[in-house]
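# A look at the structure
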Amino acid sequence: MPAELAKIFEPKAVETDVYSRWIKQRAFAADPAAAGESYCIVIPPPNVTAALHLGHALNNTLQDVLIRFRRMQQYNTLWMPGTDHAGIATQTVVEKRILAEEGKRRTDFAREDFIARVQAWKDEYEKRIINQLELMGCSCDWDRTRFTMDEVCARAVRETFFRLFADGLIYRGKRLVNWDVATQTVLADDEVEHETVQGNFYYLKYPLAHEVVAHGMRFEAITVATTRPETMLGDTAIAMNPRDPRAAALVGQMVRLPIVGRLIPIIADEHVVLPNPESEDEKARFSTGFLKVTPAHDPDDYAIRERRNAACPEAPIDIINVLAPDGTISDKHGWTDWDTVKNPDVENIVGMDRFEAREAVVEFFRREKLLEDVRPYTHEVGHSYRSHVPIEPYLSDQWYVAVKKPISNFRFPISNLSDRGLAEERDRVTYLKDTDVPVNSLAGLALAPLMDGRVKFTPDRYATNYRTWLENLRDWPISRQLWWGHQIPVWSGAIEKFSWFVSSQLIEECRHASDDSAPVIVSVPGRSAHEGVNAALQARNTVEGTIGYLTVPPGCEHIEKQLEEHGLVRDADVLDTWFSSALWPFSTLGWPEQTDALKKYYPGDVLCTAREIITLWVSRMVMMGQYCAGDIPFSDVFIHAMIQDGEGRKMSKSLGNGIDPLDIIDSHGADAMRFTLVSMTTQTQDVRMPVQKMKLPDGREVNSSPKFDAGRNFCNKLWNAARFAMMNIAGAPAWSQIRPGADLSDAWILSRLNATIAQATASIEAFRFNEVADTLYHFMWDEFCDWYLEIAKNRINAGQQDPKAVVAHCLDVLLRLMHPIIPFITEAIWQNLNDVCPVRGPGAAEAEPLLVRAQWPMADSAAINENAQQNFDLLQEIIRQVRNVRTQHNVPPSRRVDVAIEADGHVKELLTQNADLLRFLAQVQTVTFRSGDEPAPANAAAVVAGGAKLYVLDVVDAAAETARLTKQAQTLEKGIAGIMGKLANEKFVANARPDVVAKERQRLEQLQADLAHVQASLAALK
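Residues numbered from 1 in each chain as written. Predicted model: local features only at pLDDT ≥ 70, side-chain atom pairs only at ≥ 80, totals over all residues. Heavy atoms only, no water.

### Let's talk about the sheet that holds strand β14 (residues 392-401)
Strands sit in the order β6-β5-β14-β18 across an open sheet of 4 strands; the sheet is antiparallel. Across the chains shown, the open sheet's two edge strands, defined by having one partner strand only, are β6 (185-187) and β18 (476-477). (Pairing = 2+ DSSP bridges. Helix = DSSP H or I, 4+ residues; strand = E, 2+ residues; numbered from the N terminus.)

Below is the structure:
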């Protein structure tokens, strides 16, 4: 005899057993050789910096819902798992740990030894992360777990770098970059988060080298306004707008820079905001009309210098960097002129932190009577997305990817955008329409699929973010001043040192490895961005000793040591983390090798992620997917909401309002957590989750939320309902032996079941996750449990066999529908159901042994019976009304009441045929029918529903009944007024679907009939 389910659902016991069974049966393994259309999701690889948080739980639950759904639809599915090395973040946390525990810094170790420390951290946290994902129920193909620095992914990184270099898309340049002084590395524009800060405008007086008198005005000094006084040490000019009335007298004059003593010119530039204290423009209100120009520390100033030097090459403006990489004032990185003046004020400031220097500079100006004013100013300041400190614009040599440079020999065809009006030719270059993005550039590769509809965002509003960013995209700085990451595969040295390589056999080895006529790529300053080594050596027009940069194709790693033995030096920087992450959808499948997995599962299908990495990651995957693999990596991008606490704040360690998903799994179970998260996933931008303290059984106090109680209650309800059902369905007849539509309750529940299948399927396919949860919650709790199981139990006790088969079929389908959301509990119940009733529902085959592999149910349109649903809805309403009367009049549960009914036609026939149902569910003793002409019975409570009038006999207090009926009449009158107002609206009648208008009119007639009955009952009482 099959074992019964335990009386109480214990998630821990169930989850451990179920997951072990899945792993043992290799239920998640993807087989490229197997039949079925492919469906692939790549996991957004979690950073190996720390354990997963609740946002990860949400993201991975949604992916698991999608992959389990498609697996059950018999797709050949792959959910690719893995982790990201997260260069800046991981190196930072390891450095902090070593400093705290050992008092040592990274530079106290050899590079290899430090990397070994970071690798140990990675191993520890990768194991922890994967364990968390398993505890959440994630059905990834764990045998394929990848890491962005493992051998497979590293091969793809080398190949991509080589191709980009060969296509002239990677170059080295000195530019102003976003510099993180905490991690001491460059950041891309999209890695900078802008925060509103309260600062000041400092008004500093700079003396003129010579007094100027013009138009009756005397100028001895000019005043600049700045929010960063410390950068004035690197000023190399003062700019003013040529339309400024003072410009004619002052442009061309020299200013002596305080503290330093440097003479700098006053120049004209349209960028300078004219001062206007009455202006609505805040910048104009704060402006003095004089702008200090510090090209090494401000992007606008850098642009001013570029314009000036292009227009006046005979009088160029200098560029002076006064900061060290750690954010201290330094004379070691481009500042040399102060030394000649032996200035003790400068000497005191050198070595100070940038913010200490700010105070020192302001104090100098105050002391020298050169500080004119300090005005409070609220403004946006860029902060590092990793260290969260203010970034510094910083002049630095970096490697860049040219994102808008046309690719002359692009390897793959681009869809014909011109024929569709999405592209236009200007100056012999084809641009995406209404943009400055060339179609065959990397930015074009990322943007074109959005414009031609191959990539779609849900919600679609995020497509605007994606497009705007790509249209304004600047070249991507890909080098990072770190040790942890993919070291840049470039060797540099005097160009003459490359000659030995040309004459050696090594070049032939590289040619064979790359299958290319130019296997070694060299970049030489002053010439084209990329050249074969022979061309570089033979055609260079540079002086002896010119530095060149050389890279070799993958497969030639064995010659790296020889390169260094011949005096070439490998670049010490590593590639931006997002460089390797951009390759994730295909590098994980073995690209550039044409593996079976790559052929089967690329392109993938859906990317599920958060809005914060649309620019950092999504766009670059689309870009590199086409550049490298020849197709988009996914067709759908679902951007889920961000979870905030009950006050609308981001969850974080610093605020102490974060929720650890493992704590929720311990207290409520993984299924309860998953159900709650899915039910919260609307297509809004953010969702709120109140955070409260909770004690776990082991005594720990942790953060939780009452929202998870709803998920736990749902799982308990399902468990108890399934247990009750399986105690009653043993020996259920075959489906072919029953008449599933003969009884109204059977026809109704089967109709609702199939409507639920259709609605749940459509909602998942449209990424409307909360609708899936709501649909299944309503069907399981409100319809199957609260109504049908009660009816079926009574009929089974009466000896009927049909409801056994219907219950078994409904439970079977319900488990399959709920499995993607709550996989553990449904799999456990499925195993028991297979024992109790192995053959169930339409068809005669035995059920699949594992629910995870079972067929997703298909809605049977023939079983959707609108008539049965309407009739049962009417019965439900009548039963509810009788139950309400019992409650309102304090009729004890043990007492059965008598009911007299006034009804005609179809309603009377329906109630006559289902009188037993009414008697059972409403605890009614006798049901009689009466004429409307008869006087109302005394002491009876009257209710109306669906055109029927029921008298619940001998329960009424006349005064109380009058009050109840009066309230009911008011409710009906309000409903009638609302519908009449809607139908009187010509726009509604004209624009709404005809069936909607017809239903509104039908509702109006019904409510008017019900009101007439209520009014008649009130009249009878009087």
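### What to know about the packing of aromatic side chains
Under the counting rule described, the total for this entry stands at 36 aromatic pairs. With a centroid separation of 6.2 Å and an interplanar angle of 40°, the aromatic rings of Y19 and F824 are classed as tilted. Pair noted here: Y19 is in helix α1 (residues 11-24) and F824 is in helix α27 (residues 823-836), with a separation of 805 residues, a long-range link. For the residue pair Y19 and F824, the accessibility class agrees, reading buried in each case. Between F675 and F714, the aromatic rings sit 4.2 Å apart at their centres with planes inclined by 10°, giving stacked as the arrangement. Note that F675 is positioned in helix α22 (residues 670-680) and F714 in helix α23 (residues 707-726), a separation of 39 residues in sequence. Relative accessible area serves as the criterion here: at 1%, F714 is assigned to the buried category. Three or more aromatic residues link up through ring pairs in this structure, and these residues are Y19, W22, F28 and F824. When the ring centre of Y431 is taken as reference, the NZ or CZ atom of R426 above it lies at 4.2 Å. (Phe/Tyr/Trp six-rings, centres within 6.5 Å; stacked < 30°, edge-to-face > 60°. Buried < 20%, exposed > 50% of the residue type's maximum accessible area, 1.4 Å probe, protein only. Lys NZ or Arg CZ within 6 Å of the ring centre and 35° of its normal.)

### Digging into the nonpolar core
Counting residues in each nonpolar core, the largest one holds 222 residues, and the members touching the most others are F457 and Y627. Apart from the residues lying within four places of it in its own chain, the contact partners of F457 are L450, Y462, A463, Y466, I614, V618, V637 and I639. Ranked by size, the runner-up nonpolar core spans 47 residues in total, among them L204, I238, F290 and I349. (Core = buried A, V, L, I, M, F, W, Y, C linked by side-chain atoms within 4.5 Å. Contact = heavy atoms within 4.5 Å.)

### Details of the sheet that holds strand β27 (residues 636-640)
Taken in spatial order, the 3 strands line up as β17-β27-β26 in an open sheet, and their pairing is parallel. A single partner strand is all that each edge strand has here, and the edge strands are β17 (456-458) and β26 (606-610). Recorded for the sheet is a direction-independent mean angle of 25° between the axes of neighbouring strands. Relative to β27, β26 is paired through 5 bridges, and the arrangement is parallel. What sits directly across from T609, in β27, is I639. (Axes fitted to C-alpha atoms, helices over the stretch in contact; angles between N-to-C directions.)

### Describing the environment of G453
Among the structural elements, G453 can be located in the loop between α11 (442-451) and β17. According to the relative accessible area criterion, G453 is partly exposed, its value standing at 33%. When the C-alpha atoms of G453 and S635 are compared, they prove to be 8.8 Å apart, with 182 residues separating the residues in sequence.

### Description of the packing of helix α5 (residues 151-166) against helix α20 (residues 614-629)
Put simply, α5 and α20 touch, their axes get as near as 11 Å, and they point 80° apart. Considering their axes alone, α5 and α20 lie roughly perpendicular with respect to each other. Contact residues: α5 offers T160, R163 and L164, while α20 offers M624, Y627 and C628. Of the residues contributing to the contact of α5 with α20, the split by class is 4 nonpolar, 1 polar and 1 charged. (Parallel < 35°, antiparallel > 145°, perpendicular 65-115°, else oblique. Nonpolar A, V, L, I, M, F, W, Y, C, P; charged D, E, K, R; others polar.)

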